[in-house]
Amino acid sequence: MSQATLTCPALAERYVAAFPRSRKLHERASTIFPNGVTHDARHLSPFPVYVDRARGAHKWTVEGRELIDYWSGHGAILLGHSHPAIVEAVQRQMEKATHPGACHEREIEWGQWVQRLLPSAERIRFTGSGTEATMMALRLARIFTGRPRVLKFAGHFHGWNDFLYPGADAPYDAAVPGISAAVAQQTVIVPPNDLQVVEEKLQRDPDIGCVILEPTGGHWSQVPIRGPFLQGLRDITTRHNRLLIFDEVITGFRVSPGGAQGHYGIKPDLTTLAKILAGGLPGGCVAGRADILAYLEFRPGKEKMRHPGTFNANPLSAAAGIATLQIVAEGQVCSRANAVAGQLRQRLNALFAERGAAWAAYGEFSCFKLLPGYQGPRPNGDDFIPYGGDLDKLSGMLTSRLTHAFRQGMLLNGVDLMGMGGMTTAAHTEADIEQTVAAVAGTLDLLGEEGLA
Ligand SMILES: Cc1ncc(COP(=O)(O)O)c(C=O)c1O
């Protein structure tokens, strides 16, 4: 859908008037960056807001407008923006060395925190990002199993690497521009939450070496996945002698101090981590079985996976990561972020019910999703999964005129959503929740004026 057809004229006019400096910056940015943005998800018509600073759960645009933030650093922030412990740790490290081009003590401490929090992390290798981590996990799986293919789930996002991007977004069986058919053929995509299909694929296709998934559901629980499915996958992959990879780039240290695997008590063979791992700075890692990560070692007569990477275990990221994981280990921050998101989902559903609006809020842990045009029984608690988890009904709304207008309306009402949802941090408060619910009510009014609600 073109951006022109997405625009609601009256709302767009208010938006343009409210964010004049952002507009100017975007004009400059458009002469440098495609669409003027540096991440697809930050694209918003006619321009996105530009943010000057952030603290706790809030951020301030270049116009000085305060926003409650639900991007939470694309999920990388759990303690709140510029948490004093992280600021201090990074500043201290900054003065010592930003990149010594050598092994350093901080990387050991950082790795030990991961080992303490994740029992499956027998060995760890740091990478520059989550995408690099999933790329490494696949390559290790290929070397270890001698099987070239990967099984993944429709709607699950694992970064933008060639083997895992197919099937991330609807339509799930479509070719992805720039990814060759030969590469795409190495990826087997199946619907989520169907153990029988997984078992059949593994039985029939000896070339599948590993199964990868976002353990609470693709795109942070768009179609939620629960413990029994994860246990089923663990059993099936063990029975068929294939590797199970949990992509905990989002869920790691967010769902619980031990990630989704800690919460559900399930041990994958490999785990990919990033985001909270590095305390809001860049960084990722693969963690898992020592016999698999052994293929990163120099061993006479043994195959080795080569792995360079200028920013692997960068000391600034290590400093931020250590400061974060130390606090995560105490346990309260994950529970706090989960509780506040639960409260938000509940309050929003109460608002929708009160107004008779065809909307629903759902999600898990510290994530929430908003579903416009929802037709079905009213949510009755956190077990609620709209449309029984039907993938087609729960995805694909992101480019509609309604959702575009909704995001603009929310920004005008002081809330920055990550698409049609967001993630909470331990810094979000009850007052933020109240203000967010009021912002949703105000935005529904604006949509009404546009004939969209
Ligand atoms: C589940 C998951 N895996 C992998 C990635 C890729 O991580 P990065 O953006 O650090 O490359 C993301 C990014 O959002 C993600 O959500």
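Before reading further, recall that the structure is shown in the block above.
Residues numbered from 1 in each chain as written. Predicted model: local features only at pLDDT ≥ 70, side-chain atom pairs only at ≥ 80, totals over all residues. Heavy atoms only, no water.

Enquirer: I would appreciate a short explanation of the sheet that holds strand β5 (residues 149-153) in the present structure.
Expert: Think of a sheet as strands paired side by side through backbone hydrogen bonds, with each pair either parallel or antiparallel. Taken in spatial order, the 7 strands make up an open sheet running β4-β10-β9-β8-β7-β5-β6, and their pairing is mixed. Looking at the sheet topology across the chains shown, the edges are occupied by β4 (123-127) and β6 (187-190). Going from strand to strand, the sheet's axes swing by 20 degrees on average, the running direction of each strand aside. The pairing of strand β7 (residues 208-213) with strand β8 (residues 243-247) spans 4 bridges and is parallel. For Ile212, the partnering residue across the bridge sits in β8 and is Ile245. (Pairing = 2+ DSSP bridges. Helix = DSSP H or I, 4+ residues; strand = E, 2+ residues; numbered from the N terminus. Axes fitted to C-alpha atoms, helices over the stretch in contact; angles between N-to-C directions.)

Enquirer: Teacher, can you tell me more about the pattern of salt bridges here?
Expert: Pairing between side chains of opposite charge can happen when the charged atoms of each approach one another. Scanning the model with the defined rule gives 16 salt bridges in all. Lys59 is paired through a salt bridge with Asp416; the nearest N and O atoms lie 2.9 Å apart. Residue Lys59 is located in strand β2 (residues 58-61), and its partner Asp416 is located in strand β13 (residues 415-416); the two are separated by 357 residues in the primary sequence. Look at Lys59 and you get buried, because its relative accessible area is 9%. For Asp416, a relative accessible area of 5% gives the class buried. Asp291 is the salt-bridge partner of Arg289, the closest N and O atoms lying 2.8 Å from each other. Judged by its relative accessible area of 24%, Arg289 is partly exposed. For Asp291, a relative accessible area of 36% gives the class partly exposed. In this structure, a network of salt bridges that share partners links the residues Lys59, Asp69, Arg407 and Asp416. (Salt bridge = Lys/Arg side-chain N within 4 Å of Asp/Glu carboxyl O. Buried < 20%, exposed > 50% of the residue type's maximum accessible area, 1.4 Å probe, protein only.)

Enquirer: How should helix α4 (residues 84-96) be read in this particular structure?
Expert: For the α-helix, the turn length of 3.6 residues means that residues three or four positions removed from each other point alike. A rise of 1.5 Å per residue sets the reference length of α4, with its 13 residues, at 18 Å; its end C-alpha atoms lie 19 Å apart and thus fit the reference within 8%. Burial in α4 covers these residues: Ile86, Ala89, Val90 and Gln93. Each buried residue of α4 lies within a common arc of 95 degrees when the element is viewed along its axis, so the set occupies one face. Away from its buried face, by an angle of more than 90 degrees, α4 presents the exposed residues Pro84, Arg92 and Glu95. Along its buried surface, α4 packs onto α5 (105-117) and α13 (315-329). (Expected span 1.5 Å × (residues − 1). Arc of directions from axis to C-beta. Contact = heavy atoms within 4.5 Å.)

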